[in-house]
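Below, each chain spelled out in residue letters.
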Amino acid sequence: MQGAFSEHVRALEAVGARTRLVRTIDDLDSLDGLVLPGGESTTMAMLMERAGMLDSVREAIRGGLATLATCAGMILLARDITDGMPGQHGLGLLDISVRRNGYGRQVDSFEAPLHIDGLNGKTFPGVFIRAPLVERAGDVHVMANYDGHPVAVRHGRIVALGFHPELSGDLRLHREFVRLANTDAHQ
Amino acid sequence: MAERNGSSNGNEGVKGSFKVKAGLAQMLKGGVIMDVVTPEHARIAQEAGACAVMALERVPADIRKEGGVARMADPELIKSIMAAVTIPVMAKCRIGHFVEAQILEALGIDYIDESEVLTPADEENHIDKHPFKVPFVCGCRDLGEATRRIAEGAAMIRTKGEAGTGNVVEAVRHARAVNAGIRKLKGMNHAELVHEAKLIGAPVEVLVECQKLGRLPVVNFAAGGIATPADAALMMQLGVDGVFVGSGIFKAEDPLKRAKAIVAATTYFDKPEVLAEVSAHLGKAMHGLEIPAIPKDELLAARGW
C-alpha cells in the first residue's frame, strides 16, 4: 500500500520467489506468503481500512498465511500500540506491546549487528529507522534482542522484525521466510 | 554510497549513517507529504493518510503573494506540529543556510528540505549535508542537479516543479528531464560517462551509480504544482516514488476530502477507475497560475544551482 515494498520485492526475487504487490482484496488470492513492509504504520493501516482489507488480511494470516512483518508491519500486527495516533487500528494478531518510535525520532535511527536465533554464522546487520520498541513479548518466540528488548519475534507462521532486512543487503532472513512460506501450513 | 558519517551510541549501534538517512525516505515511498502551517493542519493531513508533513510558516502560494524574505519557520511552531502528529515531520531551511539546518537538527526534526521555496542564503554553495545526522531532501530540475545534491549528501530528491502555482507543468518537465538523463546513460562506456558528467555538471561516481541502477540511487518524489488526484497519479506514472503537495491541499475548498483523494490517487495511480471515483465532488481546487504569467525573476525553480 505504502512503504518500502520494492526493496522487499528485490530481496525476495533475489532468493528465487515470485512476487505480487497487494493493494486490493483480490490481490490476496492464493498467496504462499505475505510481507507487511516498513512504511508509516498509520498511513498503511488507514489505507488498508479504506480498501476494506483489514478483515481479509487478518483472516488470511489467522488461517496460516506465512507473514513477514518489518518495522511498521510489526506495529500493524501488535496487540497493543502505545504512542500511536489516537484510534490507530491494527491487526492485533501478535501478543506483543510496542511503543511507536520507541527508540526516538529520525536522528536516533541506527545500525547495529544482531545475533539472531536460527541464523548460522555472522551477525545480521540490523537497520533501525524510527523503529518500534517492543515493551512486552507474550506468547511469542523471541529470536533476537538488542539493548535488552526483543527486536525479532516469531509466532507460528508469523515473523515480525523491528528492523529492515530489506535495506541490509543480507538475504538470509528473506531466504528463511521463503522456506517458511513453502512449507505446508497444516504439517 | 560512501558512508562518511555516523557516530556510535556506545552500544555497538551507529546513528546517522547514510543508510538510515536514505532508509527513512524508502519508508515514505508510495506516500504523500503535505505542507502544513498549523498543528490543526498537521492533524488533518495525518487523518487523510499523509506519510509525513512539512512544517511551514506560509505555504508557497502565500510566500509568492506576500513576497519578502522567506526563512526557516519559528521553532515554536515546528515543535507544536511535531507534538501534534506521530508521522515524520519535515521542515525547510534556506539553500546554503547551514545554521538553520543545525537548528532544525537540534529540534529533532525528521527530515530537512533545503528548499528553493525559501529565499536562498548562499548563491553558490548548498549545504554540506554529510556531517548532519538528520537526512536532507533537495529539489532538482534535471539529472545534473539531482546528482550534485546527492554528492553533497542529500538522502532524498524531489523535482522542483514550480511551487505555489497549482500548475503541474514544471514538475512534469523536471521529472521527464531526470528520466531522460538516466535513459541517455544506458549503454555508455566509462569514457562516455565521464564526458556526459562534464556536460551536465554531474559527479562521475553518482552518475556511474545511476547507470548501474537505471534510476537515481535515492528516493525521488515529485513536488511543485500538484493540486489534484490526477496530478499526483500523473507524476507516479512518470516514475516518481511519491509526491509532495504544498499549497494544493489547504488552498482548496475542502482540504480533508482533497487530501484523502490525493492519497488514494497516489496508491492506485495506475487504476483509472479508482482515480475517476476519488476525483469526483472534491469542491474547488486552488485557483492556480500560468507559468508565463509569472515574472522571470519570481520563478522559484531557478533558485539553487
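Calculation criteria
Residue positions are given per chain, counting from 1 as you read along its sequence in written order. Here the convention is simple: chains get letters from A, ligands get numbers from 1, in the order in which they are written. In keeping with the predicted nature of the model, local features appear solely for residues at pLDDT of at least 70, side-chain atom pairs appear and are counted solely at 80 or more, and the whole-chain, interface and lining totals rest on all residues. Only hydrogens and water are set aside when side-chain values are computed; all heavy atoms of the structure are taken into account. Contact between two residues is taken to exist if any of their heavy atoms lie within 4.5 Å; hydrogens are not considered. Throughout, the accessible surface (probe 1.4 Å) given up by two parts as they are put together, summed over both, is called the buried area. Think of a salt bridge as a Lys or Arg side-chain nitrogen and an Asp or Glu carboxyl oxygen that are within 4 Å of each other. Secondary structure is summarised from DSSP: a helix means a run of H or I of at least four residues, a strand means a run of E of at least two, and numbering begins at the N terminus for each. A 3.5 Å cut-off defines polar contacts: any pair of N or O atoms within that distance qualifies, except that in protein one atom must be a possible hydrogen donor and the other a possible acceptor, and neighbouring residues in sequence count only when both atoms are side-chain atoms. For two strands to count as paired, DSSP must find a minimum of two bridges between them. For helices, the axis comes from a line fit to the C-alpha atoms of the stretch in contact; other axes are also lines fit to C-alpha atoms, and the angle between any two N-to-C directions lies between 0 and 180 degrees. Angles below 35 degrees are treated as roughly parallel, those above 145 as roughly antiparallel, those between 65 and 115 as roughly perpendicular, and all remaining angles as oblique. A clockwise turn of the near helix away from the far one marks a right-handed crossing, whereas an anticlockwise turn of less than a right angle marks a left-handed crossing. Residues are sorted three ways: Asp, Glu, Lys and Arg are charged, Ala, Val, Leu, Ile, Met, Phe, Trp, Tyr, Cys and Pro are nonpolar, and all the rest, Gly among them, are polar. The buried label goes to any residue with under 20% of its type's maximum accessible area, the exposed label to any with over 50%, and the partly exposed label to all in between, with areas taken from a 1.4 Å probe on protein chains only. Directions drawn from the helix axis to the C-beta atoms are what define this arc. Take the buried residues of types Ala, Val, Leu, Ile, Met, Phe, Trp, Tyr and Cys, join any two whose side-chain atoms come within 4.5 Å, and each joined set is a nonpolar core. Pairing of aromatic rings covers Phe, Tyr and Trp, the last counted by its six-membered ring, and requires centre-to-centre distances within 6.5 Å; plane angles under 30 degrees mean stacked, over 60 mean edge-to-face, and any other angle means tilted. We call a crossover right-handed when, viewed with the strands running away from us, the connection from the first strand over the helix to the second turns clockwise.

K.L.:
How would you explain the interface of chain B and chain A if you had to name every residue and give the values?
P.N.:
Taken together, the contacts link 45 residues of chain B with 42 residues of chain A. Each partner contributes to the roughly 3,300 Å² buried at the junction of chain B and chain A, and carbon and sulfur atoms together form 52% of this total. Of all residues in chain B, B:Lys19, B:Met27 and B:Thr86 give up the largest surface area on contact with chain A, accounting jointly for 21% of the area buried on that side. Summed over the shared surface of chain B and chain A, the number is five salt bridges. In this structure, A:Asp108 engages B:Lys15 in a salt bridge whose closest nitrogen and oxygen atoms are separated by 3.2 Å. When contributions to the side of chain B that touches chain A are tallied by element, the ones reaching two or more residues are strand S2 (14-15), helix H1 (18-28), helix H2 (39-48) and helix H12 (255-267) of chain B. Of the residues forming the side of chain B that touches chain A, the biggest block, eight residues, is contributed by H1(B).

K.L.:
Quick one: what's the story with the side chain of B:Lys129, residue by residue and with numbers?
P.N.:
Residue and element names in this part refer to chain B. Inspection of the secondary structure assignment puts Lys129 in the loop between strand S6 (111-115) and strand S7 (136-140). A polar contact is formed between the side chain of Lys129 and the side chain of Glu114, at a distance of 2.8 Å. When residues no more than four places from it in sequence are discounted, the contact partners of Lys129 are Lys21, Glu114, Phe136, Cys138, Arg149, Glu152, Gly153 and Ala154.

K.L.:
Any chance you could break down the sheet that holds strand S3 (residues 78-82) of chain A for me, citing the residues and the numbers?
P.N.:
Residues and elements named next belong to chain A. Spatially, three strands are ordered S3-S4-S7 in an open sheet, and the strand pairing comes out mixed. Each edge of the open sheet is held by one strand with a lone partner, namely S3 and strand S7 (133-137). Across the sheet, the mean angle from the axis of one strand to that of its neighbour is 25°, orientation sign disregarded.

K.L.:
I'd like to hear about the sheet that holds strand S10 (residues 158-161) of chain A, residue by residue, with values.
P.N.:
Residue and element names in this part refer to chain A. Taken in spatial order, the five strands make up an open sheet running S1-S2-S10-S9-S8, and their pairing is mixed. Two strands in the sheet have a free side with no partner beyond their single neighbour: strand S1 (33-36) and strand S8 (141-146). This sheet shows a mean twist of 15° between the axes of neighbouring strands, independent of strand direction. Relative to strand S2 (residues 66-70), S1 is paired through four bridges, and the arrangement is parallel. Residue pairing across strands places Gly33 opposite Ala66, the latter belonging to S2.

K.L.:
An account of the packing of helix H6 (residues 143-151) of chain B against helix H9 (residues 204-213) of chain B is requested, with residue identities and associated values reported.
P.N.:
Residues and elements named next belong to chain B. One way to put it is that H6 packs onto H9 with a least axis distance of 9 Å and a crossing angle of 115°. In terms of orientation, H6 lies roughly perpendicular with respect to H9. Here the hand of the crossing between H6 and H9 comes out right-handed. Mapping the contact onto sequence places Leu143, Thr147, Ile150 and Ala151 in H6 and Val206, Leu207 and Cys210 in H9. Here the contact of H6 with H9 is composed, by residue class, of six nonpolar, one polar and no charged.

K.L.:
Lay out H9(B) in plain terms, naming residues and giving numbers.
P.N.:
All names here are of chain B. All of the buried residues along H9 are Val206, Leu207, Glu209 and Cys210. The buried residues of H9 occupy one face: seen down the axis, they fall within an arc of 160°. In this structure, H9 carries Glu205 and Lys212 as exposed residues pointing more than 90 degrees from its buried face. One or two steps after H9, the chain reaches Gly214, where phi turns positive at roughly 70°.

K.L.:
Describe in detail the environment of B:Arg94, supporting the description with residues and values.
P.N.:
All names here are of chain B. Structurally, the position occupied by Arg94 is in strand S5 (residues 89-94). Sequence-distant contacts of Arg94, defined by excluding residues within four places in its chain, comprise Val69, Ala70, Arg71, Glu100, Glu114, Ser115, Leu118, Thr119, Ala121 and Ile127. A polar contact is formed between the side chain of Arg94 and the side chain of Glu100, at a distance of 2.8 Å.

K.L.:
Outline the nonpolar core, listing residues and values.
P.N.:
Proteins that are soluble and globular tend to have nonpolar side chains buried together. Grouped together as the largest cluster of nonpolar side chains are 81 residues, with contacts concentrated most on A:Leu91 and B:Met235. Apart from the residues lying within four places of it in its own chain, the contact partners of B:Met235 are B:Val168, B:Ala171, B:Val172, B:Ala175, B:Ala222, B:Ile226, B:Val240 and B:Val243. By size, the runner-up hydrophobic cluster in this structure holds 49 residues, among which are B:Leu143, B:Ala154, B:Ala155 and B:Ala223.

K.L.:
I'd like a description of the packing of aromatic side chains, backed by residues and values.
P.N.:
All told, the structure shown has nine aromatic pairs over all chains when counted by the stated rule. Judged by centre distance (5.7 Å) and plane angle (70°), the rings of B:Phe221 and B:Phe244 are edge-to-face. Placement of the pair is B:Phe221 in strand S9 (residues 219-222) and B:Phe244 in strand S10 (residues 242-245), with a sequence separation of 23 residues. The exposure classification of B:Phe221 matches that of B:Phe244, with both residues buried. Ring-pair connections join several aromatic residues into one group, and the members of that group are A:Tyr103, A:Phe110, A:Phe124, A:Phe128, A:Tyr146 and A:Phe163.

K.L.:
Please provide a residue-by-residue account of the pairing of S6(B), values included.
P.N.:
Residue and element names in this part refer to chain B. Among the five residues that make up S6, five are buried, leaving the element largely enclosed by the rest of the structure. Alternating positions in S6 separate into two faces, Tyr111, Asp113 and Ser115 on one and Ile112 and Glu114 on the other, with burial throughout. Alignment of S5 against S6, held across five bridges, turns out to be parallel. Note that in S6 the partner of Cys93 across the bridge is Glu114. Between the parallel elements S5 and S6, the chain passes through helix H5 (residues 98-107) in a crossover that is right-handed.

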